[in-house]
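In case you want the letters, here they are:
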Amino acid sequence: MAHFDRAVPPGGEGKITLRLNTRGYEGKIRKGARVYTNDPKNRVETLTVEVFVKTPIVVSPRSVFIQGKAAEVLTRSVDITGEAGKPLKIEAVDFNLNHRLEYTIDEVSPGKHYRVNFTTLPNSVDQYRGRLLLKTNYPEKPQLVILVRARLM
């Protein structure tokens, strides 16, 4: 969202305020805004805003895509790391793909790092989407959602 002075006299100064919504983002973000002027030498200027969004919990990757042959057992993993300097606890609340996938939650580093493994069930030819909902002990991020897609042939 941008707010700006509509008219600036020649040689004068104006103010442009850019607001960036970082909800749902983590890590480095770079956004640009074009400023159109009536200056014949510089008709368009680009302003760039670069920020680093620090989140209390890092989920990587944020979603899972499993593709392959139905006869194979395929596994994909998601790493969850607590970054708030206090122990992280997670627990599964809901999984809507029980009849198509299995999942396990392994504690890689106690109170700090977890790995969620999604494994296909043998001989399930299908395409589907679903999610695993996790509850955390962090008040800043009480729930995590991991989206899962699969295409098995």
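Residues numbered from 1 in each chain as written. Predicted model: local features only at pLDDT ≥ 70, side-chain atom pairs only at ≥ 80, totals over all residues. Heavy atoms only, no water.

(A) Focus on the pattern of salt bridges. The tally for this structure, following the rule as stated, stands at six salt bridges. With a shortest N-O distance of 2.7 Å, Asp 79 and Arg 115 are connected by a salt bridge. On the criterion of sequence distance, the pair formed by Asp 79 in strand E7 (residues 75-82) and Arg 115 in strand E10 (residues 113-120) is long-range, its members being 36 residues apart. According to the relative accessible area criterion, Asp 79 is partly exposed, its value standing at 24%. Classification of Arg 115 by relative accessible area gives partly exposed; the value is 29%. (Salt bridge = Lys/Arg side-chain N within 4 Å of Asp/Glu carboxyl O. Helix = DSSP H or I, 4+ residues; strand = E, 2+ residues; numbered from the N terminus. Buried < 20%, exposed > 50% of the residue type's maximum accessible area, 1.4 Å probe, protein only.)

(B) Broad picture of the pairing of strand E9 (residues 101-109). Taken together, the eight bridges between E9 and E10 define a ladder with antiparallel strand orientation. Following the sheet pairing, Glu 102 is matched in E10 by Thr 119. A loop of three residues connects E9 with E10, the two strands running antiparallel in sequence, and Gly 111 in this loop sits at a positive phi of about 70 degrees. (Pairing = 2+ DSSP bridges.)

(C) Region of interest: the sheet that holds strand E11 (residues 126-136). Taking strand neighbours across the sheet as the criterion, the four strands line up as E6-E12-E11-E8 in an open arrangement whose pairing is mixed. Across the chains shown, the open sheet's two edge strands, defined by having one partner strand only, are strand E6 (63-68) and strand E8 (90-95). Each strand axis lies, on average, 25 degrees off the axis of its neighbour in the sheet, ignoring direction. Here E11 pairs with strand E12 (residues 143-152) via 10 bridges, running antiparallel. (Axes fitted to C-alpha atoms, helices over the stretch in contact; angles between N-to-C directions.)

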